[in-house]
Amino acid sequence: MFRKKERFSDIGTIKKDTNDIVDEALEKQSQWRAGRKGAEKLVPAKKRSHVRARADNPAPAASRRGKGGWLAYWFPILCAIIIILLILWAVLPMRGCARVAPVPEPTTNTVVINEKVQPSFDLVRIENGGRIVIAGRYLPNKSVSVMMNKEIVATVAGDKNGEFVYAPAKKYDAGNYVIRLVAVDSNDATDALVFVYMAPDGAENSMSLLMTAEGSQLLQSPKLSDGDLVVTKIDYLANGRIVAQGSAIPRLRVSLSLDGRDLGFARVSDHKNFGLGADVGKLNPGQEYKLDIRLHDSLGNTAATVTHKFIMPEMTGADDTFYTVRRDDCLWFIARNFLGRGPLFTIIAAKNNIANPDLIYPKQKLQIPVKAK
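Just so you know, these numbers come straight off a predicted model, no measurement behind them.

Student: So, the overall build of the protein chain: which residues are in play, and what are the values?
Tutor: The number of helices and strands found in the protein chain is 6 helices and 22 strands. Taken over 373 residues, the protein chain has a buried fraction of 32%. For the protein chain, the proportion of contacts with a sequence separation of at least 24, taken over those separated by at least 6, is 52%. For the protein chain, the exposed surface amounts to about 25,400 Å²; the carbon and sulfur share of it is 55%.

Written out as structure tokens, the structure reads:
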């Protein structure tokens, strides 16, 4: 048989009176107060007052960190003020400071030596029939004499811009001429001169070469080309070295010879440019020489030839020359052509303040000490 679950009930128990419950609570409260008073007697009075004050009136968090509040952050505030002042000083224009005016660059064709302005050449052109045209510049409204082969042939006056032109009707015979300019007011001849070769067959094969202390520059070049081979410049340097430049078919070889003596070869770049140089020693002024530049095919056969006959002019004693960088150039090849040895590229780099010899740019003008060998 199953037993029935016993059920618990309040029936028959005696409940406390409400007055008794209240009396017990009051008695417990009195005991707690008596115990607290006994504990306060053991704690100093100052500490009790401080604790009571904190419990009764808690202070704000900022005042509890210390007196002064925002003064605790004086250092970052000072740094921010200094930075703001520096920004204002850099941005706002400074008053009372003199501005540096740019120095005007001298005219490209004006030569200044020891603070004296010398006449200069702009062009010397040989025309058909043996005529020569000379143009240049000097001081405004000043006269210049033209000297050919150490003799004064004419005196021309410059205009208000200092420009002058000498274009005589006289025809000159085939041959060599050295032209100088003489300032009439100072009677000083220019250091620069122009060497002119008048070809017997006309202006097509004639040439004019400007020679200064900085090197030589072709003013008018003869037609030096044969098919795909074009020679744009030939220089003879003061260190006894000949340099030839031009354009041809990419990756073919170009060779150089003087009076039948082979001087070396170079390869044409992917951009059709070539440059090669060789030591030839001292060439005698007034003596005729024959220079051959040949283009060779992939089998080594001669595909084109440019022959240049010239009579060696007098040199001006230049210590340096100037070279304009072209695409595919590097300092090693430039040093090999002009100085004879590729490792001497460091001399060119030092002369032109080039920090990284691997970084040169097309149309960059390099000063080359040709006597640095």
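Student: Got a sec to walk through the sheet that holds strand S17 (residues 261-267)? Specific residues and values, please.
Tutor: Sheet architecture is open: 4 strands sit in the order S17-S16-S19-S20, paired in antiparallel fashion. The open sheet has two edge strands, S17 and strand S20 (302-311), and neither has a second partner. Averaged over all pairs of adjacent strands, the angle between strand axes in this sheet comes to 20°, irrespective of strand direction. Bridge count for strand S19 (residues 288-296) against S20 is 9 bridges, and the pairing is antiparallel.

Student: Could you give an account of the sheet that holds strand S14 (residues 229-236), with specific residues and numbers?
Tutor: Across the sheet, which stays open at both edges, the 4 strands sit in the order S13-S14-S15-S18 with antiparallel pairing between neighbours. Across the chains shown, the open sheet's two edge strands, defined by having one partner strand only, are strand S13 (225-226) and strand S18 (273-279). The strands touched by helix H5 (residues 331-339) are strand S15 (241-247) and S18; relative to S15, the strand with the most contacts, the crossing angle is about 130°.

Student: Report on the environment of Val231, specifying residues and quantitative values.
Tutor: Considering the arrangement of structural elements, one finds Val231 in strand S14. On the basis of relative accessible area, Val231 is assigned to the buried category, the value being 4%. For the pair formed by Val231 and Ile293, sequence separation is 62 residues and the distance between their alpha carbons is 8.1 Å. If we skip the residues at most four places from it in the chain, Val231 touches Leu224, Gln245, Gly246, Ile293 and Val306.

Student: Outline H5, listing residues and values.
Tutor: Listed in full, the buried residues belonging to H5 are Leu331, Ile334, Ala335, Asn337, Phe338 and Leu339. Buried residues of H5 fall within an arc of 165° about the axis and therefore sit on the same side. Backbone geometry just after H5 places Gly340 at a positive phi near 90°.

Student: Now, about the pairing of S15: what can you tell me, with residues and values included?
Tutor: Within S15, 6 of the 7 residues are buried, which leaves it mostly tucked inside the rest of the structure. Bridge analysis of S14 against S15 gives 6 bridges, and the strand direction is antiparallel. Within S15, the residue paired with Ile234 across the bridge is Ala244. Relative to S18, S15 runs antiparallel, the two sharing 7 bridges. By the bridge assignment, Arg241 is partnered in S18 with Asp279.

Student: Hey, could you go over the pattern of salt bridges for me, with residue numbers and the actual values?
Tutor: This model, assessed by the stated rule, comprises 6 salt bridges. Of the charged contacts, one joins Asp270 and Arg251 as a salt bridge, the two residues approaching to 2.9 Å between their closest N and O atoms. With Asp270 in the loop between S17 and S18 and Arg251 in the loop between S15 and strand S16 (253-258), this residue pair connects regions lying 19 residues apart in the sequence. Residue classification places Arg251 among the exposed residues on the basis of a relative accessible area of 57%. Here Asp292 makes a salt bridge to Arg294, at a shortest N to O gap of 3.7 Å. With a relative accessible area of 4%, Asp292 lands in the buried category.

Student: So what's going on with the packing of aromatic side chains? Residues and values would help.
Tutor: The full count for this structure, using the stated rule, is 1 aromatic pair. Arranged with centres 5.5 Å apart and planes meeting at 75°, the rings of Tyr172 and Tyr177 form a pair that is edge-to-face. As far as the burial class goes, Tyr172 and Tyr177 line up, both buried. The ring of Phe265 carries Arg253 above its face, with NZ or CZ at 4.4 Å from the centroid.

Conventions adopted
Residues numbered from 1 in each chain as written. Predicted model: local features only at pLDDT ≥ 70, side-chain atom pairs only at ≥ 80, totals over all residues. Heavy atoms only, no water. Helix = DSSP H or I, 4+ residues; strand = E, 2+ residues; numbered from the N terminus. Buried < 20%, exposed > 50% of the residue type's maximum accessible area, 1.4 Å probe, protein only. Contact = heavy atoms within 4.5 Å. Areas by Shrake-Rupley, 256 points an atom, 1.4 Å probe, with all protein chains shown as cover. Pairing = 2+ DSSP bridges. Axes fitted to C-alpha atoms, helices over the stretch in contact; angles between N-to-C directions. Arc of directions from axis to C-beta. Salt bridge = Lys/Arg side-chain N within 4 Å of Asp/Glu carboxyl O. Phe/Tyr/Trp six-rings, centres within 6.5 Å; stacked < 30°, edge-to-face > 60°. Lys NZ or Arg CZ within 6 Å of the ring centre and 35° of its normal.

Structural measurements only, silent on function.
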